[in-house]
Amino acid sequence: MATPKNNYKFETRTIHAGAAPDPSTGARNTPIYQTTAYTFDSTDHAASLFNLQNFGFIYSRLGNPTVSVLEERVANLENGRAAVACASGHSAQLLALHPLMEPGDRIIASQNLYGGSITQFNHAFKKFGWGVDFVDATNVKNISKLIKPNHKCIFIESLSNPSGIILDIEKIARIANNAKIPLIVDNTMASPYLFKPFNWGADIITHSLTKFIGGHGNSMGGIVVENGKFDWFASDKYPSMSKPTESYHGLIFAETFGDFGYSMKIRADSLRDIGSALSPSNAFYFINGLETLHLRMERHCSNALKVSKFLEKHKKVSWVSYAGLESSKYNKLAKKFMKKGVGPVFTFGLKNGYEAGKKLINNIKIFSHVANVGDTRSLILHPASTTHNQLSDSQKNKAGAGPEVIRLSIGIEHHQDLIKDLRTALSFV
Ligand SMILES: *Cc1c(COP(=O)(O)O)cnc(C)c1O
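Residues numbered from 1 in each chain as written. Predicted model: local features only at pLDDT ≥ 70, side-chain atom pairs only at ≥ 80, totals over all residues. Heavy atoms only, no water.

### Comments concerning the site of the ligand
In the region of the ligand, 16 residues are neighbours, and G89, D186, S208, T210 and K211 sit closest. Between the ligand and H90 there is a distance of 2.9 Å, counted from an oxygen atom to a backbone nitrogen or oxygen. Within the complex, the protein chains bury 94% of what would otherwise be the 380 Å² of accessible surface of the ligand. For the shell around the ligand, the leading source of residues is helix α4 (residues 89-97), giving 3 residues. Of the residues in the shell around the ligand, the class split is 3 nonpolar, 10 polar and 3 charged. (Near = heavy atom within 4 Å. Polar contact = N/O pair within 3.5 Å; in protein donor to acceptor, adjacent residues only side chain to side chain. Areas by Shrake-Rupley, 256 points an atom, 1.4 Å probe, with all protein chains shown as cover. Helix = DSSP H or I, 4+ residues; strand = E, 2+ residues; numbered from the N terminus. Nonpolar A, V, L, I, M, F, W, Y, C, P; charged D, E, K, R; others polar.)

### Some thoughts on the pattern of salt bridges
A complete count under the given rule lists 12 salt bridges for this structure. The salt bridge partner of K336 is E170, with a shortest N-O separation of 2.7 Å. Here the residue K336 occupies a position in helix α14 (residues 331-337), and E170 occupies one in helix α7 (residues 169-178), the gap between them amounting to 166 residues. A residue is classified by how much of its surface remains accessible, and E170, at 25% relative accessible area, is partly exposed. Measuring nitrogen to oxygen at the nearest pair gives 3.1 Å for the salt bridge that ties E326 to K335. Residue class for K335 comes out partly exposed when judged on its relative accessible area of 47%. Salt bridges linked by common partners bring K265, D269, R272 and D273 together as one network. (Salt bridge = Lys/Arg side-chain N within 4 Å of Asp/Glu carboxyl O. Buried < 20%, exposed > 50% of the residue type's maximum accessible area, 1.4 Å probe, protein only.)

### What about the environment of K229?
Note that K229 resides in the loop between β7 (222-226) and α9 (239-242). For K229, a relative accessible area of 69% translates into the label exposed. Separated by 31 residues in sequence, K229 and F198 have C-alpha atoms that sit 9.9 Å apart.

### Some remarks on the packing of aromatic side chains
In the structure shown here, the tally under the stated rule is 21 aromatic pairs. Ring geometry for F125 versus W130: centroids 5.1 Å apart, planes at 55°, classification tilted. Look at F125 and you get buried, because its relative accessible area is 1%. On the basis of relative accessibility, which here comes to 5%, the residue W130 falls in the buried class. A connected cluster of aromatic rings, assembled from ring pairs, spans F121, F125, F128, W130, F134 and F155. (Phe/Tyr/Trp six-rings, centres within 6.5 Å; stacked < 30°, edge-to-face > 60°.)

### Topic: the sheet that holds strand β6 (residues 204-208)
If you walk across this open sheet you meet the 7 strands as β1-β7-β6-β5-β4-β2-β3, and the pairing is mixed. Unpaired on one side and paired on the other, β1 (82-86) and β3 (131-135) mark the two borders of the sheet. Direction aside, the axes of adjacent strands within the sheet are offset by 20° on average. Contacting β2 (106-110), β3 and β4 (151-157), helix α5 (residues 115-124) runs over the sheet at an angle of about 140° to β3. (Pairing = 2+ DSSP bridges. Axes fitted to C-alpha atoms, helices over the stretch in contact; angles between N-to-C directions. Contact = heavy atoms within 4.5 Å.)

### Observations regarding the nonpolar core
Within the largest apolar cluster, 122 residues are counted, with the highest numbers of intra-cluster contacts made by L311 and L408. Here this core gets 7 residues from one element, more than from any other, and that element is helix α13 (residues 293-313). A domain split of this core shows at least three residues from each of domain 1 (10-289) and domain 2 (294-426). When near neighbours in sequence (up to four residues on either side) are disregarded, L408 contacts V307, L311, P344, V345, F346, F348, F367, L379, I380 and L422. (Core = buried A, V, L, I, M, F, W, Y, C linked by side-chain atoms within 4.5 Å. Domains from an automatic or database assignment.)

### Quick look at the sheet that holds strand β12 (residues 405-409)
Pairing in this open sheet of 5 strands is mixed, and the strands run β8-β9-β12-β11-β10 from one edge to the other. On the outer flanks of this sheet lie β8 (317-321) and β10 (368-369), each paired with one strand and no other. As defined by bridge partners, β8 adjoins strand β9 (residues 345-350) across 4 bridges and the pair is classed as antiparallel. Bridge pairing in β9 links S321 to T347. Against the sheet, helix α15 (residues 353-363) engages β9, β10, β11 (379-381) and β12, with an angle of about 125° to β9.

### A word on the packing of α4 against α5
Direction vectors running N to C along α4 and α5 enclose 40°, while the axes themselves pass 11 Å from each other. Taken together, α4 and α5 sit at an angle that is classed as oblique. Our pair here, α4 against α5, has a crossing hand that is right-handed. Contact residues: α4 offers H90, Q93 and L94, while α5 offers G116, S117, Q120 and F121. Taken together, the residues of the contact of α4 with α5 sort by class into 2 nonpolar, 5 polar and no charged. (Parallel < 35°, antiparallel > 145°, perpendicular 65-115°, else oblique. Left-handed = near helix turned anticlockwise from the far one by under 90°.)

### Comments concerning the side chain of D168
Checked against the element boundaries, D168 lands in the loop between β4 and α7. When residues no more than four places from it in sequence are discounted, the contact partners of D168 are V140, L333 and F337.

### A short note on unusual backbone geometry
Excluding glycine, a negative phi dihedral is what most residues carry, and trans is how most peptide bonds are arranged. Here the phi dihedral of K180 falls at roughly 60°; this positive angle occurs in a residue that is not glycine. Turning to its location among the elements, K180 is positioned in the loop between α7 and β5 (183-186). Relative accessible area serves as the criterion here: at 42%, K180 is assigned to the partly exposed category. Positive phi is not limited to glycine here, since S191 has a value of about 70°.

### Regarding the environment of V370
Relative to the assigned elements, V370 resides in the loop between β10 and β11. Separated by 16 residues in sequence, V370 and T386 place their C-alpha atoms 9.6 Å apart. Aside from chain neighbours lying at most four places away, what touches V370 is L379, I380, L381 and R407.

This is how it looks when you write it as structure tokens:
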């Protein structure tokens, strides 16, 4: 399928990249190819597909025409070379690491990650023999001090969920580059509209499609994107990429597939064996969600700025942590890396702590009390009484989930209704 190259503007590519009218029916919107399998022309054709000598669809765990349109579109929007979609953001993180890691290898990860990612890294990955060293990456020296030969990648979030911390990605990419290991950036919170990690030296991007790319809180999905520039032969650290793969008759992925070897390795090996394929129906929702990404993000950001300014002045609010505000210590980095805005997810503190948090949530009307972000609807959460309830007080504070903390994901409703709703609920606090 023809993909408009990057000479079209982002807004045009959100609508057209990767898609063309269906060649057999003329259907203008990308159809949902709700099929498990695809017929082979002959036994030779089938064998050539299975041996990766020919491109084509075999079985929807490995690839599906609707999912392919989504993969091409996201790769295009991220200025990447290729992408592999899968069933969730967490699955994307597992797939991104799978070709890089052997038992005993380690990852350097920012300590300011989405809570679920910290749990995944600490518990599930440990069972594969993968170790994780969490660092405070707001000081990049902490990374260069720590880095050892058995570290196989650096993993960070471009805009951390929920506290909105922005790291100096350019400097971190330089450290990764010097160590000849890839920098992986979870770009979920920014979306490719607000931030392009590849433009600042990242090698691999992961997304939870569940959030802003889908945008409507209706489907789970994830994706891994590669920029195609990482040199897998620069060291002997990545045998899965640079040495023969037994299950494909000795094929060397980085050699045979060149600048999309990593995506091919994920698809043909990791996705094949781990099995977390994205359903074509969910791919359809994400393709349609992407078509309004730029419009939604603009409104999310302008609404969030207005709401955060209202909260900053409110007498029952002790602090607001939003990189879009001048008062944020991340505002300078925000202006450098995310000129169009810093998304709509942020936290604020209530003067009267735990009880105040509960009262606010119990009196709010438009905001939905859910554990999600990136919906058209405005969302609210009191981490201390919900997602972080099991932690000790000191653990809560370290995770940015102290008793007074409220997390918001501002939707695309009218900002005056959102502010009115918060003002009323705060009057009960
Ligand atoms: C939600 C989220 C994830 C996990 O994605 P799922 O689709 O829920 O598996 C990873 N990273 C960030 C930043 C997220 O917000």
